[in-house]
Every structure is written in structure tokens, then in C-alpha cells.
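Single-letter residue listing:
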Amino acid sequence: MNTSRSRGRSLGAPRNVALAVLLTVGAFTGAVPDARGEGARTETAVASTSPVGGVTETLVRVRAPLPASFGARPAACDWLSYLRYRAADGPAESADADRILVAQPGILEGAGAFDSVARNTVARAAEQGRHIEFWALDRRSNCLEDRTGVASGDQHTAVDYYYRGKQVEGRTFDGFVGNGDLGWMAKLGIERTVRDQYDLLTAELPGQRLRKQKVLCGGHSLGGVITGYFATADFDGDRATTADAGHNQCAGYFALDTTVSTSLADLSGSIPDDTNLPDVGLGHGVVQAGLDSGVLSRTLSAPVLLNPEMMTLLAIAGLGALQDPDGEADLPRYLPANTNIDVTNRFLFSEDTATFLSGSPAVKDFRLTNEAILGALMDDHSVPLAFLQSSVGFFDGGPVVDKNFPVANGSEEQPALFGGEYKAIPDRPGGPLYTWRNYDRVGDPDDPGYRSADGTPFTDAGKEVTDIQELARSMAEQPLDFTEQYFPTKLVTDLQLSTSPQVKRLVVHPDGLTANPTLTVLAGDGLLAGRVPADLAPVVADGYQHLDVLTAAPTQNNGRPEPVSTSLTEFARDPDQGGPGGPWPPLPGAQAPGRAGQRLAAGRVDRRDGNTLVQSVERAYLTVR
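Residues numbered from 1 in each chain as written. Predicted model: local features only at pLDDT ≥ 70, side-chain atom pairs only at ≥ 80, totals over all residues. Heavy atoms only, no water.

Could you clarify how one ought to interpret the sheet that holds strand β13 (residues 518-523) in this entry?
Strand pairing in a sheet takes place through backbone hydrogen bonds and is either antiparallel or parallel in direction. The strand order across the open sheet formed by nine strands is β1-β2-β3-β5-β4-β6-β7-β13-β14, and the pairing between neighbours is mixed. On the outer flanks of this sheet lie β1 (41-45) and β14 (539-541), each paired with one strand and no other. Averaged over all pairs of adjacent strands, the angle between strand axes in this sheet comes to 20°, irrespective of strand direction. Examined bridge by bridge, strand β3 (residues 79-87) and strand β5 (residues 132-138) share six bridges and lie antiparallel to one another. Paired with Ser81 across the strands is Asp138, a residue of β5. Contacts between helix α7 (residues 222-232) and the sheet are confined to β4 (99-104), β6 (215-220) and β7 (252-256), with β6 contributing the most and set at about 140° to the helix. (Pairing = 2+ DSSP bridges. Helix = DSSP H or I, 4+ residues; strand = E, 2+ residues; numbered from the N terminus. Axes fitted to C-alpha atoms, helices over the stretch in contact; angles between N-to-C directions. Contact = heavy atoms within 4.5 Å.)

Any chance you could explain the side chain of Gln469 here in plain terms?
Relative to the elements of secondary structure, Gln469 occurs in helix α14 (residues 468-476). With a relative accessible area of 14%, Gln469 lands in the buried category. Polar contacts involving the side chain of Gln469 include one to the side chain of Glu371, which spans 2.9 Å. (Buried < 20%, exposed > 50% of the residue type's maximum accessible area, 1.4 Å probe, protein only. Polar contact = N/O pair within 3.5 Å; in protein donor to acceptor, adjacent residues only side chain to side chain.)

How do you make sense of the pattern of salt bridges when you look at a structure like this?
Should their charged atoms come close, side chains of opposite charge can pair. Counted according to the given criterion, the structure contains 30 salt bridges. The residue Arg192 makes a salt bridge to Asp199 at a minimum N-O spacing of 3.3 Å. The buried category is assigned to Arg192, whose relative accessible area is 13%. Classification of Asp199 as partly exposed rests on a relative accessible area of 26%. Asp396 is the partner of Arg437 in a salt bridge, and the nearest nitrogen-oxygen pair spans 2.8 Å. Taken together, the residues span a long stretch of sequence, with Arg437 in strand β12 (residues 433-438) and Asp396 in strand β9 (residues 393-396) at a distance of 41 residues. Comparing Arg437 with Asp396, the two get one shared label, buried. (Salt bridge = Lys/Arg side-chain N within 4 Å of Asp/Glu carboxyl O.)

Would you mind going over the packing of helix α4 (residues 155-163) against helix α9 (residues 308-323) with me for this structure?
Pairs of packed helices are described in terms of their axes, by the angle between the two and the distance that separates them. In contact at an axis separation of 9 Å, α4 and α9 are set at 160° when each is read in the N-to-C sense. When the interaxial angle is binned, α4 and α9 end up roughly antiparallel. Crossing handedness for the pair α4 and α9: right-handed. Residues Gln155, Ala158, Val159, Tyr162 and Tyr163 of α4 pack against Glu309, Thr312, Leu313, Ile316, Ala317, Leu319, Gly320 and Gln323 of α9. When grouped by side-chain class, the residues that make up the contact of α4 with α9 number eight nonpolar, four polar and one charged. (Parallel < 35°, antiparallel > 145°, perpendicular 65-115°, else oblique. Left-handed = near helix turned anticlockwise from the far one by under 90°. Nonpolar A, V, L, I, M, F, W, Y, C, P; charged D, E, K, R; others polar.)

Explain helix α18 (residues 563-573) to me, please; I cannot follow it from the model alone.
In an α-helix, one full turn covers 3.6 residues, which means residues spaced three or four apart are oriented alike. In terms of residue burial, α18 counts as a mostly covered element, since ten of its eleven residues are buried. When we look at burial in α18, the residues that qualify are Pro563, Val564, Ser565, Thr566, Ser567, Leu568, Thr569, Glu570, Phe571 and Ala572. Measuring from the backbone nitrogen of Val564 back to the side-chain oxygen at the start of α18 gives 2.8 Å, which picks out Glu562 as the cap.

Please explain the environment of Tyr229 as it appears in this structure.
Its location among the elements puts Tyr229 in helix α7. In sequence terms Tyr229 and Thr262 are 33 residues apart; their C-alpha atoms lie 5.7 Å from each other. If we skip the residues at most four places from it in the chain, Tyr229 touches Ile190, Val194, Ser261, Thr262, Leu495, Ser498, Val503 and Val507. A distance of 3.2 Å separates the side chain of Tyr229 from the backbone oxygen of Thr262, its partner in a polar contact.

I'm lost on unusual backbone geometry in this one. Help?
Glycine aside, negative phi is the norm for most residues, and most peptide bonds take the trans geometry. With an omega of 0°, the peptide bond running from Ser360 to Pro361 counts as cis. Along the polypeptide, Pro361 turns up in the loop between α12 (353-358) and β8 (367-368). One non-glycine residue with positive phi stands out, namely Glu169, at about 55°. Counting through the fold element by element, Glu169 comes out in the loop between α4 and α5 (190-204). Taking the relative accessible area as the measure of exposure, Glu169 reaches 24% and is therefore partly exposed. With a phi close to 50°, Asp257 is a non-glycine residue in the positive phi region. Along the chain, the position of Asp257 falls in the loop between β7 and α8 (284-293).

What is the right way to look at the nonpolar core in this model?
With 143 residues, the main nonpolar core has Phe134, Phe254, Leu256, Met378, Val564 and Leu568 as its most contacted residues. Setting aside its immediate chain neighbours within four residues, Leu256 contacts Phe114, Gly219, His220, Ser221, Val521, Val549, Leu550, Val564 and Leu568. Residues Leu66, Ala76, Leu144 and Leu188 belong to the second largest nonpolar core, which totals eleven residues. (Core = buried A, V, L, I, M, F, W, Y, C linked by side-chain atoms within 4.5 Å.)

Any chance you could explain the sheet that holds β9 here in plain terms?
Spatial ordering of the open sheet is given by β8-β12-β9, a layout of three strands whose pairing is mixed. Strand pairing shows two members of the sheet lacking a second neighbour, β8 and β9, which therefore form its edges. Bridging between β8 and β12 involves two bridges; their strand directions are parallel. For Leu368, the partnering residue across the bridge sits in β12 and is Tyr434. Sheet strands in contact with helix α13 (residues 370-378) are β8, β9 and β12, and its direction is about 70° off that of β12.

What should I look at first to understand the state of the cysteines in this one?
Joining two cysteines, a disulfide is a covalent bond between their sulfur atoms. Per the counting criterion, the structure on display carries two disulfides. Covalent S-S linkage joins Cys77 and Cys143, the inter-sulfur distance amounting to 1.9 Å. Note on the Cys77 and Cys143 pair: the S-S dihedral is about 85°, so by sign convention the disulfide is right-handed. Of this pair, Cys77 sits in the loop between β2 (55-63) and β3 while Cys143 sits in the loop between β5 and α3 (148-151), placing them 66 residues apart in sequence. In terms of burial, Cys77 and Cys143 fall into one category: buried. The disulfide bridge from Cys217 ends at Cys250, spanning 2.1 Å between sulfur atoms. Since a negative S-S torsion denotes a left-handed disulfide, the Cys217-Cys250 link at about -85° is left-handed. Placement of Cys217 in strand β6 and of Cys250 in the loop between α7 and β7 is noted, with a sequence separation of 33 residues between them. Both residues of the pair, Cys217 and Cys250, count as buried. (Disulfide = S-S within 2.5 Å.)

How should the pairing of β12 be read in this particular structure?
Pairing between β9 and β12: four bridges, direction antiparallel. Residue pairing for β12: Gly393 is matched across the bridge by Asn438.

What am I meant to see in α7 here?
Summarising burial for α7: eleven of the eleven residues are buried, a large majority. Within α7 the residues assigned to the buried category are Leu222, Gly223, Gly224, Val225, Ile226, Thr227, Gly228, Tyr229, Phe230, Ala231 and Thr232. Tucked inside the fold, the buried residues of α7 contact β4, α5, β6, β7, α15 (489-496) and α16 (501-504).

This is the structure in C-alpha cells:
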């Protein structure tokens, strides 16, 4: 985040209250200097329009300068940032909380993505009389993001800021940062990432015994592997002293659609096996030389589809869905024409290969509401990228057809990268206004019940779990991004080259992976679907996609509580109860646990083995790895 923004103006519409606060966050007006030194720490309130009440959110920044060896960098990049969620009626000091969950984001993901699961978890614990905190960490490289346009609260203003040189709050967009200006990121790998987490924890919670007692360490997607490296790390250079060891900073671990490990091969929850970086036989030193010289891109970015510009456009689309959800969108026509936008729109909105090649009909040829635009970009029945999928409902208002690009529906050879759901697309350019049916209206009496050409229903109520308005709010209202514009390439290459001496030396305490109890929560239709590690007994959220474990609504279509936050709440109550002594005790009336795959307690507590879907709604089964 750029820290040069001026004080924000007041925005009158209730939906924009949080956006008004974001404009002041960059300058951190009114922040109280920390006792450790003038300006060493800032904490600023973040207003929210979330329907989940009783939760206070703040943006915390802690000064933690990089070593001089990293080279020149923006001043903002010498700070670490996180979103802190706590009960409004709970203690003001984190050290007085009952438990603190610290979450690492996944690939191409920022702290804002945790907003819903953080609020749901904190609120659910508060209902039970316990005060826990949830810290959503932001990677250091997110210091490069400029959210000034999005924070304006107006979609046209945002587009004008990023593309037409319009000033917002006295600031002009400097452009997206190119590879040549990112030399310092060549060293931003797994070692620095886990060191940043350690430095943040020790700064915010100085007592090691306190951290060991109260902190739960975990993450989503790639965050599970980062947590694994944190658990096995040694931070004082002396392996004989273990108070500084990563596993001794945590009372337990949690993994959200991922596993806690130090192997990228285990990370089906972030990068499917068929999308791992290719093993081209290059040594760690050669890759590092490529990053240092700039021959290799220092950020995980592509010319189209996945790059800072497109990540920003997702937030702009979310902004439109918040401003005027049912209004006809003009974003596709208001955006300037460039190759990145054109090819990305073709990829995301083409019915078949012929349409992709010709570019006609294009997304701007259809009439879509602002919510339908966001749904088309993020829903699992539309976007063909599994790690960007959520279950937010379905198209409405007009006929749809199968989206058979880039892979045909029903294909037995569909790569895991694209997910397993049938994809759909509006069928009438220039025709009716296509609207969006939110997750909780799927299956209602007025639902058209759209089907594929082969008769397969595209969706049903059991597969829809995330409120599209809450997804939009997380994407557009948070001071730290939902998506990540500048993901460090070195973080992935380090993990890909985990057998190299330079990376192997970081795993100082391998037993750290099993030193604490672990809660593993998987998305039933996510990236681990059908390939659950044999040694896990995970909670599986039926019908969830990869992002749904972070974004799902607090109450599901079956009327039951959202299982991810419910499981995290129970785990926070007593992590050790799920340790070697066994899983959580069954609820009253529930049967005792049986072998994997056996249905338990008529839907209250289920398990999963192989392709058998299971779901835990009110109790988590914990596993020590």
C-alpha cells in the first residue's frame, strides 16, 4: 500500500462507509505511536458494511526494515501489515485474547481474502463467551499496490485513475511496477517470508510462552506450505536452543484447503500437480542468478490474465457490484482497449475456441448487471481457473449455454487447473439483461434450473455457499487487497527447489510439523477433491470451492452454520483436544467416530476418504501430522 495518500473525504452512501475509511488508512491519521519507538507501529480502524456484527477490524503496520543486502526499495516495503479482527466487546490488547489465529495467504492472494472467515470465526467464538483474534497477514511485496482508485468508492473514478491519469485525493497513478524496478524482490523467498512472520509475532507478542500458549499458525492454499516451513524453522541460528523454533511460537496449526507440509508436491490445495513449475534441471544458484539479473521475472506474472492489471480489475468489478448490483454494467465498454484486457476477456467469456479466436461475440456485446459481471469473473460455473473459483450463485434473466472453452464440459481429461464444474455463459448478445441469482436463491421456486446440453444441472443449492455481495465487499472495501498483484517468484522457485541445499537447510526442526495438533479443513469440490492425503482425517466442507473456505456465508443453504469457521472456533477452544488423544468428542446424540468414509451422526459429523464427500458442521476432527 502506498503511504502517501492524503486524508480521505466523507462518502455518504452507507455501502461506501468502509471505502471512506480506506482513504485515511494510507496516511494512518490518528494512529498512536507504539511504545517501542515513535512510529514503529500503527493501528487504524477499518469501517465495514459486513452483516456480521460484533467484530472490530483494524489495519496494523509494524516497521521491520529489510537488510541492506536487499537493495533499494520503496519505504513502504520496510513495513509488515496485517488485518486484525477481534470481538468488539473483547480485550483491546491481543495478549489478553483467549486465542490468536495467524493466517498466511495463498498464491496471488492478499489479506483481504480472509475477511469473511475471520469475521465468522471471531463472531462465533464471541457467541460462546470466548474472545479470539484473527490476524490476516499480508506479504511484504504487497507494499507496491496502489488502491487509491478502488478506495474512491466509484467504479468510473477508479478506471479513470488507473487508465486516464485522473487524480484522486491529490494522487496520480504511477503505473504498474515493471520487472526492472523489482530487484529487491529477487531475494524475497521462503526464508524471508517465514522470518517476516516470526518478526511480526515477536514484535506484537513479545513473550515466547504467551505465543506458545495462544497463537495458532496456519494459512490457505500456499499458506499451508509456508506454515510448514515456519514450523520447522530455527530463528536464532542455534538449533540446540528451541525457544525460537517456529513450532514453539504456535499452540497448533490450521490448514484451509491445503496441508501443513514442506513439500510443494503436497500442495494440491494451491497449485495443482499439472501446473507446478517445470523441473528443467536448473540449480538453485542458477535460478537465483536469473532473478538477480532480471532475466527471470521477479513476480509471478503473465502477459495476460494473471498480472497486476487484471488483479486490479477484479477489485474494480467488485466495486461495481457494491455500488449498483442490479444496474446494467458498462465496465466492459468503459475500460480502454488493450491487448491484456482483450485477450483476458476472450479467455474468460468465450463459448468455444472459434469465439476466442474471432473475439465475437465479446463480453461488451451482452447486457449484464454489475453483479453478473463479478459472478462471471469469480464463480465456479464461469471462470475456468480453479484457484480463483467461489460458489456465489448462477446467471439469471436469459438463456445460457455450455462454455466449452478452454475445455469442453464433461471432458474426462479436464485438467485440475480448470476445476470439475460445468461452465456456462449467456447465449444472447444484445438480448435480455442478464442478472445474478445469489447463492441463497439457487433452488427457489422461481429458479429456471439451467441445464447443460447433456442434461446435467449446472448447479444446485447444496453447491452454492458464498454471498456475492460479501465477496464483492472483501474485494473492494478492504484496505489490503483480496488478490495479490506482485507475488514473489522466488517464493515459488524456492519451494519447487526444496531438495536444494539452500532450501533444505531451512528445515532445521523437521519434527516441528508434528509438534502441535493440526486442523485440516478442505473444500469438498476444491483442489484436493478426490486426492485427500491418506494420513489426514480432515473436515471437508461439502460443495465448497477453493476460495469458499475463506468467503462462505455464516449460514448455509441448509440452515446450518458455516463449517470452516465453526471448525476453527472449536479448534481455538482447545487445540490439544484434537491431538494424539483423539478427535473432538461427538455432540450429544452423535455416534462415535468410525472408519474413514462412514457416515456419522446423520450429517452432523462426517468424514471423507478418497472420493467420498464428508462434512463437519459443528465439530472438527483434528489430526497431528
